[in-house]
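Residues per chain are reported as follows:
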Amino acid sequence: MAGLHVRSVLVTGANRGIGLGFVQHFLRMPNPPQWIFAGCRDPKGQRELQNLASKHPNIIIIPLEVSDPASIKAAAAKVGERLGGSGLNLLINNAGIAKPCSLDNETPENMIQVYTTNTVGPMLMGQAFLPLLKKAAQGSPGSGLSCSKAAIINMSSYAGSIEDMYVWEFGQVVSYRCSKAALNMLSKCQSLAYKEHGILCITFHPGWVQTDMGAPGQIPWRMLKVLSSISEKEAGAFLDWEGKVVPW
Ligand code: NDP
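Keep in mind that what you see is a predicted model, and the values were worked out from it rather than measured.

Parameters and conventions
Residues numbered from 1 in each chain as written. Predicted model: local features only at pLDDT ≥ 70, side-chain atom pairs only at ≥ 80, totals over all residues. Heavy atoms only, no water. Helix = DSSP H or I, 4+ residues; strand = E, 2+ residues; numbered from the N terminus. Rg over C-alpha atoms; globule rule 2.2 N^0.38 Å. Buried < 20%, exposed > 50% of the residue type's maximum accessible area, 1.4 Å probe, protein only. Contact = heavy atoms within 4.5 Å. Areas by Shrake-Rupley, 256 points an atom, 1.4 Å probe, with all protein chains shown as cover. Lys, Arg positive; Asp, Glu negative; His and termini not counted. Charge placed at Lys NZ, Arg CZ, Asp CG, Glu CD. Salt bridge = Lys/Arg side-chain N within 4 Å of Asp/Glu carboxyl O. Polar contact = N/O pair within 3.5 Å; in protein donor to acceptor, adjacent residues only side chain to side chain. Near = heavy atom within 4 Å. Nonpolar A, V, L, I, M, F, W, Y, C, P; charged D, E, K, R; others polar. Axes fitted to C-alpha atoms, helices over the stretch in contact; angles between N-to-C directions. Parallel < 35°, antiparallel > 145°, perpendicular 65-115°, else oblique. Left-handed = near helix turned anticlockwise from the far one by under 90°.

J.: I keep staring at the overall build of the chain and nothing clicks. Help me out?
T.: Assigned secondary structure in the chain consists of six helices and seven strands. Its C-alpha radius of gyration of 17 Å places the chain within 12% of the 18 Å reference for a compact globule of 248 residues. Here the chain, with 248 residues, has 54% of them falling under the buried criterion. Partitioning the intrachain contacts of the chain with sequence separation of at least 6 by distance along the chain shows that 72% fall at a separation of at least 24. Carbon and sulfur atoms make up 56% of the accessible area of the chain, which amounts to about 11200 Å² in all. Of the charged side chains in the chain, 22 are positive and 17 negative, and the gap between their average positions amounts to 10 Å.

Below, the structure is given as structure tokens:
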């Protein structure tokens, strides 16, 4: 963890689940970020996040609906305003949805809604926050890539792996699998396009975490450990919570 020195971070879907876990673990770091932007679509309804923000002035709750381009633009403007002249080091595209459908009962509506949230959202977030990420990269010394400098972390899932059709017998979740496979491709594209700006992009399988979406298991702390250790050689990679490469 010693290797992670993040002045500012934005987590989407930060009101519950893994996103909230990230916020809590950032606070527990020996050197917590000066700004923790917690994106959520209904700021007023989030008591746990509100309580946390009332105790920690470095948490700024940002209204953010990732399937709405106008909301993303407004969030980028708010974050930019708060940061003054400095940039955003870390963007964690964590918000995501799953619809428990088999292939037989999957619908166009599900496919579109899940893709819009899980894939289009992170793409628009990357575009909207690019100027702030670039600014952070320009303001950091050294030529290498790192999460302390400027990075986009896309929260994917092993369920998006085509090579290893993870737990197919337990849940086909076709719209979810397709959206995460597409998110993996997006991450690779972002890694190639944004490398020249000094921005590290990876896609991440968090492991099974006890949330509304997942089962018991790992915690965001392990993910932060991985983020503290990665550099340009991991750019565009699909990693799990232990830093191991996940098959595409
Ligand atoms: P949860 O269902 O617990 O939380 C999802 C979060 O995303 C909530 O904060 C939710 O907000 C937010 N969200 C959903 N849709 C939108 C939207 N359109 N705009 C803004 N925010 C939105 O999920 P997890 O914490 O379990 O998962 C987080 C990420 O990790 C997801 O991308 C998921 O696919 C991935 N993942 C999780 C695993 C697990 O075991 N938990 C395993 C593999 C991957 P709201 O409260 O308003 O609904």
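Following the structure, the description resumes.
J.: Even after reading the chapter, I still don't get the pattern of salt bridges, so can you show me in this structure?
T.: Where charged atoms from two side chains of opposite charge come close, those side chains can pair. Here the structure, examined in full by the defined rule, presents four salt bridges. Arg41 is the salt-bridge partner of Glu65, the closest N and O atoms lying 3.4 Å from each other. Residue Glu65 is located in the loop between strand E3 (59-63) and helix H3 (69-83), and its partner Arg41 is located in the loop between strand E2 (35-40) and helix H2 (47-55); the two are separated by 24 residues in the primary sequence. Here Glu65 falls in the partly exposed class, since its relative accessible area comes to 22%. Notably, a salt bridge pairs Glu242 with Arg222, separated by 4.0 Å at the nearest N-O pair. With a gap of 20 residues between them, Glu242 in the segment after strand E7 (238-240) and Arg222 in helix H6 (residues 220-229) connect regions that are remote in the sequence. Owing to a relative accessible area of 36%, Arg222 belongs among the partly exposed residues under this scheme. Taken together, the shared-partner salt bridges connect Arg222, Glu242 and Lys244 into one network.

J.: Help me out: how do you make sense of the side chain of Ser161 in this one?
T.: Looking at the secondary structure, you find Ser161 in the loop between strand E5 (151-155) and helix H5 (174-194). In terms of polar contacts, Ser161 uses its side chain to reach the backbone amide nitrogen of Asp164, at 3.2 Å. For Ser161, the contacting residues outside a window of four places in its chain are Phe238, Pro247 and Trp248.

J.: How should I be thinking about unusual backbone geometry in this particular structure?
T.: Glycine aside, negative phi is the norm for most residues, and most peptide bonds take the trans geometry. Positive phi, close to 40°, is recorded for Val167, a residue that is not glycine. Along the chain, the position of Val167 falls in the loop between E5 and H5. A residue is classified by how much of its surface remains accessible, and Val167, at 28% relative accessible area, is partly exposed. With phi around 25°, Val173 is a residue other than glycine that occupies positive phi space.

J.: Could you clarify how one ought to interpret the site of the ligand in this entry?
T.: Residues in close proximity to the ligand total 29 residues, the closest being Asn15, Arg16, Glu65, Tyr176 and Thr211. At 2.9 Å, a backbone N or O of Val66 approaches a nitrogen atom of the ligand. Gly207 is positioned such that a nitrogen or oxygen atom in its backbone is 3.4 Å from an oxygen atom of the ligand. Contact with the protein chains covers 95% of the free accessible surface of the ligand, which is 890 Å². Looking at the shell around the ligand residue by residue, the classes come out as 11 nonpolar, 13 polar and five charged.

J.: For this particular structure, what's the right way to read the packing of helix H1 (residues 17-28) against H6?
T.: Two quantities define a packed helix pair, namely the angle between the axes and the distance from one axis to the other. Axis separation between H1 and H6 bottoms out at 9 Å; the angle between their running directions is 65°. With respect to each other, H1 and H6 are oriented roughly perpendicular. Where H1 crosses over H6, the two elements pack in a sense that is right-handed. Of H6, the residues touching H1 (which contributes Ile18, Gly21, Phe22, His25 and Phe26) are Pro220, Trp221, Met223 and Leu224. Grouping the constituent residues of the contact of H1 with H6 by class yields seven nonpolar, two polar and no charged.

J.: Would you take a moment to explain the packing of H1 against H2 for this structure?
T.: Packing of H1 against H2 leaves a shortest axis separation of 11 Å and a crossing angle of 20°. Classed by the angle they form, the pair H1 and H2 counts as roughly parallel. In this structure, H1 meets H2 at a crossing whose hand is left-handed. Between H1 and H2, the contacting residues are Leu20, Val23, Gln24 and Leu27 on the first element and Glu48, Leu49 and Leu52 on the second. Residue composition of the contact of H1 with H2, by class: five nonpolar, one polar and one charged.

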